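Coordinate inspection notes
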Amino acid sequence: MSTWRNWSGTESATGVELLRPASADELAAAVKTAAEQGRKLRAVGAGHSFTGCSVPEQVMIRLDGLSSITYADKESGRVTVGAGTGLRKLNAGLAAFDLAMANLGDIDKQTISGAISTGTHGTGARLGGLATQVVALDLVTADGSVLHCSAEENPDVFNAARISVGALGVITSLTLQCVPAFLLRAQERPLPLPEVLDGFDELADGNDHFEFYWFPHTDLALTKRNNRVASGVGASPVSRLRGWVDDELLSNKVFELTNRLATRQPGLVPRINRIASRALSAREYVDASYKVFCSERNVVFRESEYAVPREHAIDVIRRLRSWIDSSGSRIPFPIEVRVAAADDIWLSTAHGRDTAYIAIHQYHRLPHDEYFRAFERIVADYDGRPHWGKLHTLTASDLRTRYPRFDDFLAVRDRLDPDRTFTNPYTRQVFG
């Protein structure tokens with residue numbers, strides 16, 4: 001029997017059986033046996049979700065044995081990869097073929113199937129989340145059969161399975177539409193928050209990838225603009241020393257210490273945040289796309305993120321700021337704002353609408369419930385959709401009103417898993 005715990009410490013499970021299939025056939029046989037025995041089964045990835053979406057009740061499947069690139073065609077950009085492949089390993093593997101993902105999130109600790117299944121995304125007004133880069137997948141269903149799904153083959157399952165929170169079966173492999181490897185020019189610069197809010201649409205539309213971080217209790221935001229470089233421009237990465245100072249010393253070690261100080265003396269948080277925001281210095285560099293997209297984050301926190309129609313993003317930020325100022329809460333972690341293009345995936349947070357993502361965080365040793373509840377109340381006025389892997393309290397009845405294809409997803413689930421082999425408390429919360 002094994003014990004499982006997620007990265008943030010919000011969820012855990014003990015006394016569960018652990019299976020590590022070495023092949024898709026072995027996985028299919030294990031699923032079939034568990035289903036016939038009436039046992040509940042969950043595939044777990046890297047444990048980077050804050051919700052209980054991965055929590056195993058009886059049987060836990062780890063997909064380490066399915067963690068490699070099995071096919072790559074540089075000409076078409078199509079790459080097939082095992083579901084258990086970590087994003088860091090995948091990015092390095094793609095680079096060896098002179099390929100890359102068109103867009104990525106800001107960490108690379110997850111497995112590709114876990115990131116896809118929870119709707120992980122990056123930022124870019126003309127780009128979708130990771131699931132929009134999936135062109136086919138293989139899914140082991142409760143009867144042990146393997147469904148190959150694409151826009152042409154089993155299209156309803158494909159629409160449902162690209163973001164399914166693991167409720168339809170276990171993905172064994174994914175075929176991704178990649179792009180030729182590319183360099184990004186990263187421009188990081190602190191700006192006055194009013195300037196960022198007033199110019200938000202121009203900043204989002206005028207850059208390939210734009211995001212900003214705002215430290216509560218301050219008037220400064222750190223802006224990040226990442227754009228493809230012109231042909232002939234070479235890499236000029238951050239020096240090893242500057243990278244260590246910015247990304248390891250300040251962003252992790254010093255940030256951990258300031259959060260511990262905030263835990264002991266919450267009244268110092270506004271002053272700490274003002275110092276932190278002023279300490280952010282501008283920098284510019286050019287590097288491989290995946291090295292620009294992804295950064296190291298080791299300070300443990302809690303996170304809630306909601307997707308709202310992009311036109312309401314600034315209203316949400318202003319209302320959230322007003323609540324923080326009037327509530328007396330002390331928030332040492334920044335608020336992150338990103339954007340994405342509309343897509344047609346049934347359970348995508350960007351389904352049918354250009355989207356802004358607003359993510360709030362709190363240090364793991366500080367209380368977060370009141371802050372997160374206030375955030376949920378605000379975004380509810382804008383038809384907010386929670387990230388499937390980040391903390392929220394919504395149930396199936398709430399989500400049905402926010403996703404036009406919610407019942408279509410449930411119909412596919414009823415067909416593929418009528419006995420709920422792949423259920424757990426979280427899927428019961430969000431799908432009924």
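In this report, the structure presented in the accompanying data block is examined. Only a predicted model underlies this, so the values are computations on that prediction, with no experimental measurement involved.

1. Remarks on the overall build of the chain
When helices and strands are tallied, the chain shows 14 helices and 19 strands. Taking 2.2 N^0.38 as the reference for a compact globule, 432 residues should give roughly 22 Å; the C-alpha atoms of the chain span a radius of gyration of 21 Å, in line with that estimate. Classification of the 432 residues of the chain by burial places 57% in the buried group. In the chain, the share of contacts with a sequence separation of at least 24, taken over all contacts with a separation of at least 6, comes to 74%. Within the structure as shown, the chain displays about 17300 Å² of accessible surface, and the carbon and sulfur contribution to it stands at 50%. Taking the 50 positively charged and 53 negatively charged side chains of the chain as two groups, their mean positions are separated by 6 Å.

2. Remarks on helix α1 (residues 24–36)
Over its 13 residues, α1 extends 18 Å from the first C-alpha to the last, a length consistent with the 18 Å expected when each residue adds 1.5 Å. The complete set of buried residues in α1 reads L27, A28, A30, V31 and A34. Down the axis of α1, the buried set is contained in an arc of 165°. They therefore lie on one face. α1 presents D25 and E36 as exposed residues on the side facing more than 90 degrees away from its buried surface. Elements that come into contact with the buried residues of α1 comprise β2 (12–19), β3 (41–44), β4 (59–62), β8 (134–140), β9 (146–150) and β10 (170–177). G38 lies just past α1 and shows a positive phi near 70°.

3. Points about the sheet that holds β8
Ordered by their spatial adjacency, five strands build an open sheet running β5-β6-β10-β8-β9, and the pairing between neighbours is antiparallel. Unpaired on one side and paired on the other, β5 (69–73) and β9 mark the two borders of the sheet. Strand-to-strand twist across the sheet, computed as the mean angle between neighbouring axes with direction ignored, equals 15°. Where strand β6 (residues 78–82) lies against β10, five bridges are found, and the strand directions are antiparallel. In the strand pairing of β10, T80 is matched with T175. Set on the sheet, α1 makes contact with β8, β9 and β10; between it and β10 the angle comes to about 140°.

4. Section: the nonpolar core
Core analysis: the largest hydrophobic core is formed by 117 residues, its most contacted members being F212, W388 and F431. With residues up to four places along the chain from it excluded, the contact list for F431 reads S164, V165, A167, L347, W388, A396, F406, F409, L410 and R413. Counting residues in each nonpolar core, the second largest holds six residues, with A13, V44, V55 and M60 among its members.

5. Remarks on the packing of aromatic side chains
All told, the structure shown has 14 aromatic pairs when counted by the stated rule. Between the aromatic rings of Y371 and F372, the centroid separation amounts to 5.7 Å while the plane-to-plane angle is 55°, which identifies the pairing as tilted. With relative accessibility at 2%, the residue Y371 sits in the buried group. The class of F372 is buried, set by a relative accessible area of 6%.

6. Regarding the sheet that holds strand β17 (residues 335–340)
In space, the eight strands of this open sheet follow the order β15-β12-β14-β13-β17-β18-β16-β19, with antiparallel pairing throughout. Each having just a single partner strand, β15 (283–288) and β19 (385–386) make up the two edges of the open sheet. Note: strand β12 (residues 183–192) against β15, six bridges, orientation antiparallel. Looking at the pairing, R185 lines up with V286 of β15. Docked against the sheet, helix α10 (residues 313–327) engages β13 (209–214), β16 (301–309), β17 and β18 (355–363), running at close to 25° with respect to β18.

7. Quick notes on the pairing of β16
Most of β16 sits inside the fold, with nine of its nine residues counted as buried. For β16 and β18, the ladder comprises nine bridges, and the chain directions are antiparallel. Residue E303 lies in a different strand from β18, and its bridge partner there is H361. In this structure, β16 lies alongside β19, joined through two bridges in antiparallel fashion. In the sheet register, Y306 faces β19, and the bridge partner there is P386.

8. Here we look at the pairing of β10
Within β10, seven of the eight residues are buried, which leaves the element mostly enclosed by the surrounding structure. Summarising the sheet, β8 and β10 pair through six bridges and their orientation is antiparallel. Paired with V134 across the bridge in β10 is L176.

9. Re the packing of α10 against helix α11 (residues 369–380)
At a closest axis distance of 10 Å, the pairing of α10 and α11 adopts a crossing angle of 145°. Classified by chirality, the crossing of α11 by α10 is right-handed. Contacts between α10 and α11 pair V316, R319, L320, W323 and I324 from the former with E370, Y371, A374, F375, R377, I378 and V379 from the latter. Its residues placed into classes, the contact of α10 with α11 shows nine nonpolar, no polar and three charged.

10. Things to note about the side chain of S117
Tracing the backbone shows S117 in helix α3 (residues 112–117). You can call S117 buried: its relative accessible area is 11%. For S117, the side chain forms a polar contact with the main-chain oxygen of S113, separated by 2.8 Å. Not counting residues within four places of it along the chain, the set of residues in contact with S117 comprises R162, I163, S164, V165, G166 and I171.

Cut-offs applied
All residue numbers refer to position in the chain's written sequence, counted from 1. The predicted origin of the model limits local features to residues at a pLDDT of at least 70 and limits the giving and counting of side-chain atom pairs to 80 or more, whereas totals for whole chains, interfaces and linings rest on all residues. To get the side-chain values, all heavy atoms of the structure are used, and hydrogens and water are removed first. For the purposes of this entry, the term helix denotes a DSSP run of H or I that reaches at least four residues, the term strand denotes a run of E that reaches at least two, and both are numbered from the N terminus. Note that the radius of gyration is over C-alpha atoms, with the globule rule given as 2.2 Å times the number of residues to the power 0.38. Burial here depends on accessible area, computed with a 1.4 Å probe over protein chains only, as a share of the maximum for the residue type. Under 20% is buried, over 50% is exposed, and the range in between is partly exposed. The contact criterion used throughout is that any non-hydrogen atoms of two residues lie within 4.5 Å. Only the protein chains shown count as covering a residue, and every accessible area follows the Shrake-Rupley method with a 1.4 Å probe. Charge convention: Lys and Arg are scored as positive, Asp and Glu as negative, and His as well as the terminal groups of each chain are ignored. Where a charge sits is defined by one atom per residue type, namely NZ (Lys), CZ (Arg), CG (Asp) or CD (Glu). Residue count minus one, scaled by 1.5 Å, sets the expected span of a helix. In this description, one arc is meant: the one made by directions from the helix axis to the C-beta atoms. We treat two strands as partners when DSSP finds at least two bridges between them. In this analysis, axes come from line fits to C-alpha atoms, helices being fitted only over the stretch in contact, and the angle between any two N-to-C directions falls in the range 0 to 180 degrees. Only buried residues count toward a nonpolar core. Its members are Ala, Val, Leu, Ile, Met, Phe, Trp, Tyr and Cys residues joined through side-chain atoms within 4.5 Å. Note on ring pairs: Phe, Tyr and Trp rings are taken, using the six-membered ring of Trp, and paired if centres are within 6.5 Å. Classes follow the plane angle, with under 30 degrees stacked, over 60 edge-to-face and the rest tilted. Left-handed describes a crossing in which the near helix is turned anticlockwise from the far one by less than a right angle; the clockwise case is right-handed. Each residue gets one of three labels, nonpolar for Ala, Val, Leu, Ile, Met, Phe, Trp, Tyr, Cys and Pro, charged for Asp, Glu, Lys and Arg, and polar for the others, Gly among them. Identification of polar contacts relies on pairs of N or O atoms within 3.5 Å, with a donor-acceptor requirement for protein atoms, meaning one able to donate a hydrogen and the other able to accept it, and with residues adjacent in sequence counted only if both atoms are side-chain atoms.

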